[in-house]
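As a plain string of letters, each chain reads:
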Amino acid sequence: MDVRNTYDSRKAKVMLTVSRIVVYTILIFLSILCLFAFWMLFVNASRSHSDLQGGFQLLPDTYLLKNLVNAWNDASINIPRGMLNSFVVAGSTALLTTYFSTLTAYGIHAYNFKLKNLAFTFIMAVMVIPSQVSAVGFYQMCVKLGWTNSYLPLVLPSIAAPVVFFYMKQYMESVLPMEIVDAARVDGSGEFYTFNRIILPMMKPALAVQMIFSFVTSWNNYFMPALILDKAEMKTVPLMIAQLRSADYSKFDMGKVYMFILLAILPVVVVYMFLSKYIIKGVTAGSVKG
């Protein structure tokens, strides 16, 4: 019997080791695959236009600084202004989306009222409607309100974000016991004070995750800015990249385009680096109801 148990124990350990090796191998492969795209972007940003036309190259070249100077001093676009515009829009969107979606989720989670289920169902129904469906009507409304060439149509709609609301509500059900809210009310805390000083600090991992996702989504958004913005000084990074790609062929410089794309993703990488420590904790806690 002891020999049998020893054999089974060794067999289980071997199977566990093999499983770990397989999992780690897959994770390493996927990590390399993801990082390879960034590496190739860096390599292409360091090559000249004529070299890029020659085909694939795995190692960087010597044109990185020259492409940076050419992109930064391009007369047709203003890279610093474009990045500032995108940062204002993406940053404002991320803040409004996370705060008001969390506030809405808290209202649905913490209060009981007659139309609670109907309100939740309505928000979920809005979530499945693509923004492109209402784009024409939204653009006409912006024209009537004089909101063209303004960032208001790009920022204010972010207050209503059903996807973020749903994630925040699920996260609250996992980590927010109502006893804490009831205790705060007994102590005389106001509802907004409770939300801002007690609830939000408990939601930091989820807030960080959604701020990253919202920032990246808004930063990469091309569709709505292309409808609303046509002044050069108002354009965001995706519009400027499209403008470079549609330039006259005789003036088209692929190395400069790759450099601009490299500069465009740097703010996203910086935001991710600052908030990444919350991602795993926020995703795992929000995906399982305690």
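Refer to the structure printed above.
Residues numbered from 1 in each chain as written. Predicted model: local features only at pLDDT ≥ 70, side-chain atom pairs only at ≥ 80, totals over all residues. Heavy atoms only, no water.

1. Considering the packing of aromatic side chains
For step 1, the next point in the chain: Following the criterion strictly, the structure yields 9 aromatic pairs and no others.
For step 2, the next point in the chain: Ring centres 6.1 Å apart and planes at 70° place the aromatic pair Phe-87 and Phe-215 in the edge-to-face group. Here the residue Phe-87 occupies a position in helix 4 (residues 79-110), and Phe-215 occupies one in helix 11 (residues 204-219), the gap between them amounting to 128 residues.
For step 3, the next point in the chain: Overall, Phe-87 belongs to the partly exposed group, its relative accessible area being 47%.
For step 4, the next point in the chain: Measuring from centroid to centroid gives 5.6 Å for Tyr-99 and Phe-195, while their planes differ by 75°, and the two rings are edge-to-face. (Phe/Tyr/Trp six-rings, centres within 6.5 Å; stacked < 30°, edge-to-face > 60°. Helix = DSSP H or I, 4+ residues; strand = E, 2+ residues; numbered from the N terminus. Buried < 20%, exposed > 50% of the residue type's maximum accessible area, 1.4 Å probe, protein only.)

2. Here's the deal with helix 10 (residues 191-202)
For step 1, the next point in the chain: End to end, helix 10 covers 16 Å across 12 residues, agreeing with the expected 16 Å (1.5 Å per residue, within 8%).
For step 2, the next point in the chain: The inward-facing, buried residues of helix 10 contact helix 4, helix 8 (162-175), helix 9 (178-186) and helix 11. (Expected span 1.5 Å × (residues − 1). Contact = heavy atoms within 4.5 Å.)

3. What to know about the packing of helix 4 against helix 11
For step 1, the next point in the chain: Helix 11 packs onto helix 4 with a crossing angle of 140° between their chain directions and a minimal axis gap of 8 Å. Viewed along their axes, helix 4 and helix 11 adopt a mutual orientation that is oblique. Crossing angle aside, the handedness with which helix 4 passes helix 11 is right-handed. Across the interface between the two elements, Met-83, Ser-86, Phe-87, Val-89, Ala-90, Gly-91, Thr-93, Ala-94, Leu-95, Thr-97, Thr-98 and Thr-102 of helix 4 pack against Leu-207, Gln-210, Met-211, Ser-214, Phe-215, Ser-218 and Trp-219 of helix 11. (Axes fitted to C-alpha atoms, helices over the stretch in contact; angles between N-to-C directions. Parallel < 35°, antiparallel > 145°, perpendicular 65-115°, else oblique. Left-handed = near helix turned anticlockwise from the far one by under 90°.)

4. Thoughts on the nonpolar core
For step 1, the next point in the chain: Within the largest apolar cluster, 24 residues are counted, with the highest numbers of intra-cluster contacts made by Ile-79, Phe-215, Trp-219, Val-237 and Phe-260.
For step 2, the next point in the chain: Breaking this core down by element, the ones donating at least two residues are helix 1 (2-45), helix 4, helix 11, helix 13 (237-245) and helix 14 (254-275).
For step 3, the next point in the chain: Counting 22 residues, the second-largest nonpolar core is a separate cluster that includes Ala-105, Met-168, Tyr-171 and Leu-207. (Core = buried A, V, L, I, M, F, W, Y, C linked by side-chain atoms within 4.5 Å.)

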